[in-house]
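As a plain string of letters, each chain reads:
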Amino acid sequence: MHFTIAALFALVPTVLGHGLITSPPSRPIGPALMQNCGPKVEQDIRLDNTSHVEGRPELAAKDAMYNAAKCNLWLCTGLQFADNVNNTQIWHASQVVPIKVWIRVPHEGSANVSIVDTKSNKVVGEMLKVWSEGYAPGKKESDVPTDQKEFSVTVPEGLEEKCGAAGACVLQWWWYGTIAKQTYESCVDFRIKRKMPAQRALHV
Ligand SMILES: *[C@@H]1O[C@H](CO)[C@@H](O)[C@H](O)[C@H]1NC(C)=O
Ligand SMILES: *[C@@H]1O[C@H](CO)[C@@H](O)[C@H](O)[C@H]1NC(C)=O
Ligand SMILES: *[C@@H]1O[C@H](CO)[C@@H](O)[C@H](O)[C@H]1NC(C)=O
Ligand SMILES: [Cu+2]
């Protein structure tokens, strides 16, 4: 999918598109996206919520309502925590979390899944999953190997402080189509709950 902006608006949205996380629920479109990224970026995502980030900086640059710091376009493609608060997942260290990804249109490349600190925009610790090449080959979703669309990640130890509050961290799936030169991002919001301490004997 490589269209000029004019051609993009002329097309039926459903013919475009690439991918996002469908389970657990990933950040959707909402009022905070409009407020922080402005109507041009919001419309681009609304036309196709699986589409790539490239092109959006140009749209944003022409939009007086675009707030670069709050939109944070290159994290979660600008989608906002405030629009996904009610879907915040509660995880604990060493929990195995199944993830499902919808690859609407494949573009072979690399991909990874990581936890990102939303204040510093930095990846926290090790990548949870890395495909350094061969991710999402083929022309249609059924060409993509199942283990690239359905996989699990293990919640790292020691994030109870850093990722204890909803919105402090995000789980981001990040895919780059090498030949298409397109980046796709999709984010799950979560917080880490402390494990219950082992039950102590009661003093009677
Ligand atoms: C993305 O768009 C599809 C089709 O309009 C919709 O069914 C789905 O719920 C959307 N997902 C998210 C995370 O916004
Ligand atoms: C979250 O849930 C509350 C309570 O049900 C509701 O009032 C609010 O509108 C929801 N927020 C979003 C962004 O959907
Ligand atoms: C994660 O994936 C993105 C997109 O493919 C890539 O640009 C980045 O270098 C990757 N990082 C690691 C450590 O794999
Ligand atoms: Cu494409």
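Note: the structure precedes this text.
These notes cover the structure that comes with them.

The rules behind each value
Residues numbered from 1 in each chain as written. Chains lettered and ligands numbered in written order. Predicted model: local features only at pLDDT ≥ 70, side-chain atom pairs only at ≥ 80, totals over all residues. Heavy atoms only, no water. Near = heavy atom within 4 Å. Areas by Shrake-Rupley, 256 points an atom, 1.4 Å probe, with all protein chains shown as cover. Helix = DSSP H or I, 4+ residues; strand = E, 2+ residues; numbered from the N terminus. Nonpolar A, V, L, I, M, F, W, Y, C, P; charged D, E, K, R; others polar. Polar contact = N/O pair within 3.5 Å; in protein donor to acceptor, adjacent residues only side chain to side chain. Pairing = 2+ DSSP bridges. Axes fitted to C-alpha atoms, helices over the stretch in contact; angles between N-to-C directions. Buried < 20%, exposed > 50% of the residue type's maximum accessible area, 1.4 Å probe, protein only.

1. Digging into the site of ligand 3
Taken together, S110, N112, M127, V130, W174 and Y176 make up the full set of residues adjacent to ligand 3. Burial of ligand 3 by the protein amounts to 60% of the accessible area it has alone, namely 360 Å². Counting only elements with at least two residues in the shell around ligand 3, the list comes to strand 4 (109–117) and strand 8 (169–177). Class assignment for the residues of the shell around ligand 3 results in four nonpolar, two polar and no charged.

2. Topic: the site of ligand 1
Surrounding ligand 1, one finds L20, S26, R27, P28 and N49. Between an oxygen atom of ligand 1 and a side-chain N or O atom of N49, the distance comes to 2.2 Å. For ligand 1, whose unbound accessible area comes to 360 Å², protein coverage reaches 45%. Tallied by class, residues from the shell around ligand 1 come to two nonpolar, two polar and one charged.

3. Thoughts on the sheet that holds strand 1 (residues 19–23)
Sheet architecture is open: three strands sit in the order 1-3-7, paired in antiparallel fashion. Across the chains shown, the open sheet's two edge strands, defined by having one partner strand only, are strand 1 and strand 7 (150–154). Direction aside, neighbouring strands of the sheet carry axes that sit 40° apart on average. Pairing of strand 1 with strand 3 (residues 96–103) involves four bridges; the strand directions are antiparallel. For G19, the partnering residue across the bridge sits in strand 3 and is I103.

4. Here we look at unusual backbone geometry
Looking along the chain, the bond that leaves S23 and enters P24 is cis, with omega of -5°. Positionally, P24 belongs in the loop between strand 1 and helix 2 (31–47). Notably, C76 is not glycine yet its phi reads approximately 60°, a positive angle. The residue C76 is located in the loop between helix 4 (68–71) and strand 2 (89–91) in this model. You can call C76 buried: its relative accessible area is 1%. For S94, which is not glycine, the phi dihedral falls at a positive 70°. Given a relative accessible area of 33%, S94 falls into the partly exposed group.

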